[in-house]
Amino acid sequence: MTQPKGVVILSAMRSGSNYLEEGIAQFPGFSGLGEVFNPSFVGQPDAPTLAGLTIEQRRVDPKSAIRRAEDGPKIPVIRWFPGHDAEALKQLALDPEWVRIFLTRRALDRFVSLKLAKATGQW
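Keep in mind it's a predicted model, so treat the numbers as computed, not measured.

**Brief notes about the overall build of the protein chain**
Now for step 1: Each helix and strand counted, the protein chain has 5 helices and 6 strands in total.
Now for step 2: Taken over C-alpha atoms, the radius of gyration comes to 14 Å for the protein chain, in line with the 14 Å a tight globule of 123 residues would show.
Now for step 3: In terms of principal-axis extent, the alpha carbons of the protein chain reach across some 40 × 35 × 25 Å.
Now for step 4: In the protein chain, which comprises 123 residues, the share counted as buried stands at 36%.

**Some words on the environment of Q44**
Now for step 1: Mapped onto the secondary structure, Q44 falls in the loop between β2 (30-34) and β3 (49-50).
Now for step 2: Of the residues examined, Q44 reaches a relative accessible area of 32% and is grouped as partly exposed.
Now for step 3: Once the C-alpha coordinates of Q44 and L33 are considered, the two residues, 11 residues apart in sequence, prove to be 7.5 Å apart.
Now for step 4: The contact partners of Q44, leaving out residues within four places of it in the chain, are E21, L33 and G34.

**So, the packing of helix α3 (residues 62-70) against helix α4 (residues 86-94)**
Now for step 1: Where α3 contacts α4, the axes come no closer than 8 Å and their chain directions differ by 50 degrees. The orientation of α3 with respect to α4, classified from their angle, is oblique. The two elements α3 and α4 meet at a crossing, and its hand is right-handed. Contacts between α3 and α4 involve P62, K63 and I66 on the former and, on the latter, E87, A88, Q91 and L92.
Now for step 2: Across the contact of α3 with α4, the residue classes break down as 4 nonpolar, 1 polar and 2 charged.

Reading the values: rules and limits
Residues numbered from 1 in each chain as written. Predicted model: local features only at pLDDT ≥ 70, side-chain atom pairs only at ≥ 80, totals over all residues. Heavy atoms only, no water. Helix = DSSP H or I, 4+ residues; strand = E, 2+ residues; numbered from the N terminus. Rg over C-alpha atoms; globule rule 2.2 N^0.38 Å. Buried < 20%, exposed > 50% of the residue type's maximum accessible area, 1.4 Å probe, protein only. Contact = heavy atoms within 4.5 Å. Axes fitted to C-alpha atoms, helices over the stretch in contact; angles between N-to-C directions. Parallel < 35°, antiparallel > 145°, perpendicular 65-115°, else oblique. Left-handed = near helix turned anticlockwise from the far one by under 90°. Nonpolar A, V, L, I, M, F, W, Y, C, P; charged D, E, K, R; others polar.

What follows is the structure in structure tokens.
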């Protein structure tokens, strides 16, 4: 098998996607980039850019974010949730060199996780 261009975790919030991304990124040669296509930020909530790419640039050209992720020194691992850039999802879904992981969790478990996170100040 050839080396993939990247890994995209297709999921919903409170599903364990952070944990999965961090776990994959622990392997040599992988790098967790977070929610690259979140409408409110690019990558991580506290980072204004992703490899110099601003949120405005990403909104205009989502393919540029994919190219920058692929051009990094490591295999990128990104998370995509409903409500994130649909054009980016189309590009990632059509590219056979990107690994896609569909992560699911029961709605009740996600709800309980959200309530616990809010009650304990985690979210």
